[in-house]
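Structure assessment
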Amino acid sequence: MEWTKEQRYRTMEDVSEDEIQALAKTVNQCPWRQSFHIQPVTGLLNDPNGFSYFNGEYHLFYQWFPLGPVHGLKHWYHTKSKDLVHWENVGMAIEPSNEFDRHGAYSGSGIEHDGKLYLMYTGNTRDEYWNRHPYQCLAVMNRDGSIVKMDTPVIAEVPSGYTDHFRDPKVWKNGDLFYSVIGAQRKNETGSVVLYRSRDLIDWQFAGEVKTGLGEEFGYMWECPDYFEMNGQGVFLFSPQGLIAKGDHYQNIYQSGYVIGSPIDLENNELDHGDFHELDRGFDFYAPQTTVDHQGRRILVGWMGLPEIDYPTDSNGWAHCLTLPRELKIKDGKLIQQPVPELNLLHGKMVEISRSVENENVRLDNFEGDVYELLAEFSDSNAREFGVELRVGENEKTVIKYDAVEKKVVFDRTSSGESFAEEFGAIRKCTMDNAEKISFRIFVDVSSVEVFVNDGVEVFTGRIFPDKNSNGISVFARGGHTNVKAVKWNIN
Ligand code: FRU
């Protein structure tokens, strides 16, 4: 169904309770509703926003279009959790309501200040010719959870030299000052990020463009920037649009990744850094955001989806979910991503097996399911390739394997079920040298797979849409043998 502009920009005031109920009914009939991921009650979810630990709880908001599986008038939806695993749907958090955000409360971040949670976000507006004008706005959440929007924007103008693609403020504090990075497109239509500073989160001064080593040839827009320091190093995360696919890299419509270097020089806006790395080597991952919690952990959540792609759940009136929270660490100049240990709270019944597999595909008898965690460790392999098959049915399977000839980890969703995004291919690969041992820690939900390879050295995330009866799990080796130790926990 084509959505008109009018349909996409209706305000919730014009929507009846009956209409919402009817949509919720369609959504709840969808066979691909997730079981332990954050997903919208109705409509479309995109970027994680305002991720923070505040007042004894984790708060995680997301971009939300309530009325259907399309990008329209964006709101902030609020979820919260005490343990990063069990999330409560709190409800609408920021609703577009004034002349500074009337076409959408776009992405932004949260930071605690004076006992309150400050939410800085982009107010999207369009004029009568549909030209954009972005404002950077502020809303403040009190300890009782009430959210009050400021009447006027805190940054009203796009700095000179940049287009109206100016959005997604991410705020952090250094000493007495707050800093914000904001995604910006230069007038020559190349991507960049600019820096602002403030004493009070209200009065912001433009500090200039962040000088990176990526120059002017790294995509046409950088969305959702994020900056933090860890082990005395500076990590800059962003989602560049317009990178050209190269080898196994940049295979999705848009990418998300990071560079690591010395801490940003806040006097000169300079960031000295190494190569750009993709955060996720799978299919459905974009616009991640991090926060630091009360234990000092740096935690990342991403949008498990991409813009401009139709998904099979669209016909049921909803789209997308968030990824599981991942704890970040730096090792050998790269980010390691591990599912937060709290996810063990989800563990139900366990089964395990240890065996050798040689030129065969073995269906594991007691290892069925559509919602579980699986840890598969392979050792002493001389096989050409080996791995696991998930969600196996008569004509379906999702394959996670190691190709020892190419020395690559492969995620193959060619036969996963209902296909989508086919123009971007159904196989993702990434090089993994020194693979004495290969381990896949895999979280399977009703319609997604997240694979943490070798303790988080690489991660592959992908939505899959199999038949509900495709529940088998197999291990295989071709052209030789491997030893596999597999443990599976049901997730209830
Ligand atoms: C990234 C993005 C952001 C924007 C938001 C709008 O997916 O395009 O740049 O703030 O989504 O929903």
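Residues numbered from 1 in each chain as written. Predicted model: local features only at pLDDT ≥ 70, side-chain atom pairs only at ≥ 80, totals over all residues. Heavy atoms only, no water.

**Quick word on the sheet that holds strand E4 (residues 88–94)**
On the basis of which strands lie adjacent, the open sheet formed by five strands has the order E4-E3-E2-E1-E19 and mixed pairing. Unpaired on one side and paired on the other, E4 and strand E19 (318–319) mark the two borders of the sheet. With five bridges joining them, strand E3 (residues 75–81) and E4 adopt antiparallel strand pairing. Each residue of the ladder has a partner; that of His-78, found in E4, is Gly-91. (Pairing = 2+ DSSP bridges. Helix = DSSP H or I, 4+ residues; strand = E, 2+ residues; numbered from the N terminus.)

**Regarding unusual backbone geometry**
Positive phi is not limited to glycine here, since Trp-130 has a value of about 70°. Residue position: Trp-130 is located in the loop between strand E6 (116–126) and strand E7 (132–141). Residue Trp-130 is classed as partly exposed on the basis of its relative accessible area of 27%. The backbone of Lys-407 shows a phi angle near 55°, a positive value even though the residue is not glycine. Considering the arrangement of structural elements, one finds Lys-407 in the loop between strand E26 (398–403) and strand E27 (408–412). (Buried < 20%, exposed > 50% of the residue type's maximum accessible area, 1.4 Å probe, protein only.)

**Points about the sheet that holds strand E10 (residues 177–186)**
If you trace the four strands from one edge of the open sheet to the other, you get E9-E10-E11-E12, paired in antiparallel fashion. Looking at strand neighbours, the two that pair on one side only are strand E9 (162–174) and strand E12 (204–209), the edges of this open sheet. Going from strand to strand, the sheet's axes swing by 25° on average, the running direction of each strand aside. (Axes fitted to C-alpha atoms, helices over the stretch in contact; angles between N-to-C directions.)

**Quick notes on the environment of Ser-356**
Following the sequence through the fold, Ser-356 ends up in strand E23 (residues 347–363). A relative accessible area of 38% places Ser-356 in the partly exposed class. Considered as a pair, Ser-356 and Leu-345 are 11 residues apart in the sequence and their alpha carbons are 30 Å apart. In this structure Ser-356 touches Thr-482 and Asn-483, once residues within four positions along its chain are discounted. (Contact = heavy atoms within 4.5 Å.)

**Details of the site of the ligand**
In the neighbourhood of the ligand, the contacting residues comprise Asn-46, Asp-47, Gln-63, Lys-74, Tyr-106, Ser-107, Arg-167, Asp-168, Glu-223, Tyr-286 and Trp-303. Within the side chain of Arg-167, an N or O atom sits 2.8 Å from an oxygen atom of the ligand. Within the side chain of Glu-223, one N or O atom sits 2.9 Å away from an oxygen atom of the ligand. For the ligand, the accessible surface in isolation is 320 Å², of which the surrounding protein chains cover 91%. At the level of secondary structure, the elements contributing two or more residues to the shell around the ligand comprise strand E1 (43–54), strand E5 (105–113) and E9. Residue classes in the shell around the ligand are distributed as three nonpolar, three polar and five charged. (Near = heavy atom within 4 Å. Polar contact = N/O pair within 3.5 Å; in protein donor to acceptor, adjacent residues only side chain to side chain. Areas by Shrake-Rupley, 256 points an atom, 1.4 Å probe, with all protein chains shown as cover. Nonpolar A, V, L, I, M, F, W, Y, C, P; charged D, E, K, R; others polar.)

**A closer look at the UniProt feature "domain: Glycosyl hydrolase family 32 N-terminal" (unreviewed entry) in the chain**
UniProt marks residues 37–339 with the feature "domain: Glycosyl hydrolase family 32 N-terminal" (unreviewed entry), using the numbering shown here. End C-alpha to end C-alpha, residues 37–339 measures 13 Å, and it is 0% helix and 53% strand. (UniProt positions renumbered as here; feature names shortened; annotations may be inferred.)

**Examining the pattern of salt bridges**
Scanning the model with the defined rule gives 23 salt bridges in all. Among the salt bridges present, the one from Lys-80 reaches Glu-57, with a minimum N-O distance of 3.5 Å. Placement of Lys-80 in strand E3 and of Glu-57 in strand E2 (residues 57–65) is noted, with a sequence separation of 23 residues between them. The class for Glu-57 is buried, based on a relative accessible area of 14%. Through salt bridges with shared partners, a single ionic network connects Asp-248, Glu-406, Lys-408 and Lys-429. (Salt bridge = Lys/Arg side-chain N within 4 Å of Asp/Glu carboxyl O.)

**Overview of the pairing of strand E22 (residues 334–339)**
Of the pairings in the sheet, the one linking strand E21 (residues 326–331) to E22 comprises six bridges and is antiparallel in character. Each bridged residue has a counterpart across the sheet, and for Arg-326 the counterpart in E22 is Pro-339.

**Points about helix H2 (residues 17–28)**
Here H2 contains 12 residues, and its C-alpha end-to-end distance of 16 Å stays within 8% of the 16 Å for a straight helix at 1.5 Å per residue. Residues of H2 that are buried: Ile-20, Leu-23, Ala-24 and Val-27. Angularly, the buried residues of H2 cover 105° about the axis, an arc narrow enough to put them on a single face. The exposed set on the far side of H2, more than 90 degrees from its buried face, consists of Asp-18 and Lys-25. Along its buried surface, H2 packs onto E19. (Expected span 1.5 Å × (residues − 1). Arc of directions from axis to C-beta.)

**Some remarks on the state of the cysteines**
Two cysteines joined by a covalent bond between their sulfur atoms form a disulfide. Evaluated as defined, the whole model comprises zero disulfides. Here Cys-30 stays unpaired: no disulfide links it, and the sulfur of Cys-321, its closest cysteine neighbor, is 12 Å away. As a non-bridged cysteine, Cys-224 has Cys-137 as the owner of its nearest cysteine sulfur, 16 Å distant. (Disulfide = S-S within 2.5 Å.)

**Structural notes on the side chain of Ser-416**
One can find Ser-416 in the loop between E27 and strand E28 (427–431). A distance of 2.7 Å separates the side chain of Ser-416 from the side chain of Thr-398, its partner in a polar contact. Other than its neighbours up to four places away in sequence, Ser-416 contacts Glu-396, Lys-397, Thr-398, Ile-464, Phe-465 and Pro-466.

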